Amino acid sequence: MNIAEILQVTKNTLFSFELLPPLKGGNIETIYKTIDPLIEFNPININVTYHRQEVIYKKHDNGLLEPRTVRKRPGTVAISAAIKYKYKLRVVPHIICGGFTKEETENALIDLHFLGIHNLLVVRGDVPKNEKEFVPEPDGHVHAVDLVKQIMKMNKGKYIDEELLHSMATSFSVGVAGYPEKHSESPNLESDLYHLKQKVDAGADYIVTQMFFDNKKYFDFVKSCRNYGINVPIVPGLKPVSVKNHITLLPKTFNIDLPQELAMEIRKCKDNKDARQVGVEWAIEQSKELIAANVPALHFYTMGKSDNIRSIAKAVF
Ligand code: FAD
């Protein structure tokens, strides 16, 4: 069964989490160290995010700007394969539009299909830190919906070059991103729902939400989606606050609000250790309420560290 099928039939709330590939120079052991403490909670899947390399522009004396790559992360495809074969679990690589041509995407998908990895999370990709807006590659996709369409074509055996020999049909199941508090670039929630429905109509099987700290935002979002005719499973994404400056960083980076009570608790913390504990306690309460509402799964953003996620999982699963 693929993830979407499991989410459709599960009677209990399931557990999943996502990892960031380590920066270049790290190794696979750092990934295993994040995963090992979470294995006893039977994750239905482990996601591996994708990040385009970071480029800065160096100005020369003659005024010309030279692009220089300053930060790279090793390939999501390779990490996904290592996890799949070590833990015998479903692994979900994130596939992004940013930084890739359609052909490069097709090549990555061929590799994933070959490796027996059939679940994907498809997103557009973040705007790079030093750029103001998302700019696709000259022959790349502008929006996640276009990438979903490319994958659905491959599921029908249709590749970019129709003359391609041995072009067998793939069997990818696709999740996409949803935003209970609206995507930062969207003029309003209705417009976001319209584009979310387009992704589902194009073939996405389920939705994973952006993090939120007030469950009401998630419940309202699910209701709005259902009213809009979006009927696929909607998995809540949770990230515990883990350092004091999350109080300003998370709202700015992810276009979300922190409830007053949580913000006050973080403000009172002496240090990051205290803030991490507040984050764990808040996430436990959020998780308990979501489980009581029978959500199909809880998906945790680990950001590469799992001690806090372990404490939460231990308290609720
Ligand atoms: P889209 O669906 O393309 O939407 C982006 C914006 O455009 C929205 O405002 C939407 O309303 C609008 N829009 C959509 N379609 C159209 C259209 N056809 N015409 C006009 N407007 C349109 N980022 C990474 O770089 N790597 C990751 O691994 C990663 N994983 C993520 C996982 C989850 C669960 C989530 C919630 C986010 C993740 N992100 C990741 C961040 C994501 O890439 C950003 O939020 C990005 O800005 C938007 O991605 P999207 O897939 O929602 O884009």
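Counting restarts for each chain: residues are numbered from 1 in the order of the written sequence. The predicted origin of the model limits local features to residues at a pLDDT of at least 70 and limits the giving and counting of side-chain atom pairs to 80 or more, whereas totals for whole chains, interfaces and linings rest on all residues. Side-chain numbers come from the whole structure's heavy atoms, not from hydrogens or water.

**Description of the packing of helix H5 (residues 144-155) against helix H6 (residues 189-202)**
It is the contact of H5 with H6, at a shortest axis distance of 9 Å, that shows an interaxial angle of 5°. As summarised for this structure, H5 and H6 are arranged roughly parallel, according to the angle between their axes. Contacts between H5 and H6 pair Ala-144, Val-145, Val-148, Lys-149 and Met-152 from the former with Gln-198, Lys-199 and Ala-202 from the latter. Any residue that is not Ala, Val, Leu, Ile, Met, Phe, Trp, Tyr, Cys, Pro, Asp, Glu, Lys or Arg is counted as polar, Gly included; the first ten are nonpolar and the last four charged. Within the contact of H5 with H6, the residues separate by chemical class into 5 nonpolar, 1 polar and 2 charged. What counts as an axis is a line fitted to C-alpha atoms, over the stretch in contact for a helix, and the angles between N-to-C directions run from 0 to 180 degrees. Counting from the N terminus, the helices are the DSSP runs of H or I reaching at least four residues and the strands are the DSSP runs of E reaching at least two. Here roughly perpendicular refers to angles of 65 to 115 degrees, roughly parallel to angles under 35, roughly antiparallel to angles over 145, and oblique to all remaining angles. Every residue pair with non-hydrogen atoms within 4.5 Å of one another is taken to be in contact.

**Some details on the site of the ligand**
In the neighbourhood of the ligand, 22 residues make up the surrounding shell, with Tyr-50, Tyr-179, His-183, Asp-192 and Lys-199 lying closest. The side chain of His-183 places a nitrogen or oxygen atom 2.8 Å from an oxygen atom of the ligand. At 2.7 Å, a side-chain N or O of Asp-192 approaches an oxygen atom of the ligand. Each accessible area is a Shrake-Rupley result for a 1.4 Å probe, and residues are judged covered by the shown protein chains and nothing else. The protein chains hide 86% of the 980 Å² of surface that the ligand would expose on its own. Any residue with at least one heavy atom within 4 Å of a molecule or strand is counted as near it. For the purposes of these results, a polar contact is taken to be a pair of N or O atoms within 3.5 Å, where, inside protein, one atom must be able to donate a hydrogen and its partner to accept one; residues adjacent in sequence count only when each atom of the pair is a side-chain atom.

**Remarks on the sheet that holds strand E8 (residues 206-211)**
Taken in spatial order, the 8 strands line up as E1-E2-E5-E6-E7-E8-E9-E10 and close into a barrel, and their pairing is parallel. Each strand axis lies, on average, 30° off the axis of its neighbour in the sheet, ignoring direction. By the bridge criterion, 4 bridges tie strand E1 (residues 14-19) to strand E2 (residues 45-48) in an arrangement that is parallel. Residue Ser-16 lies in a different strand from E2, and its bridge partner there is Asn-45. Relative to strand E5 (residues 90-96), helix H4 (residues 102-114) is tilted by about 175°, and along the sheet it contacts E5 and strand E6 (119-123). Packed on one face of the sheet, H5 meets E5, E6 and strand E7 (173-178) and runs near 150° to E6. DSSP-based pairing: two strands are paired if at least 2 bridges between them are found.

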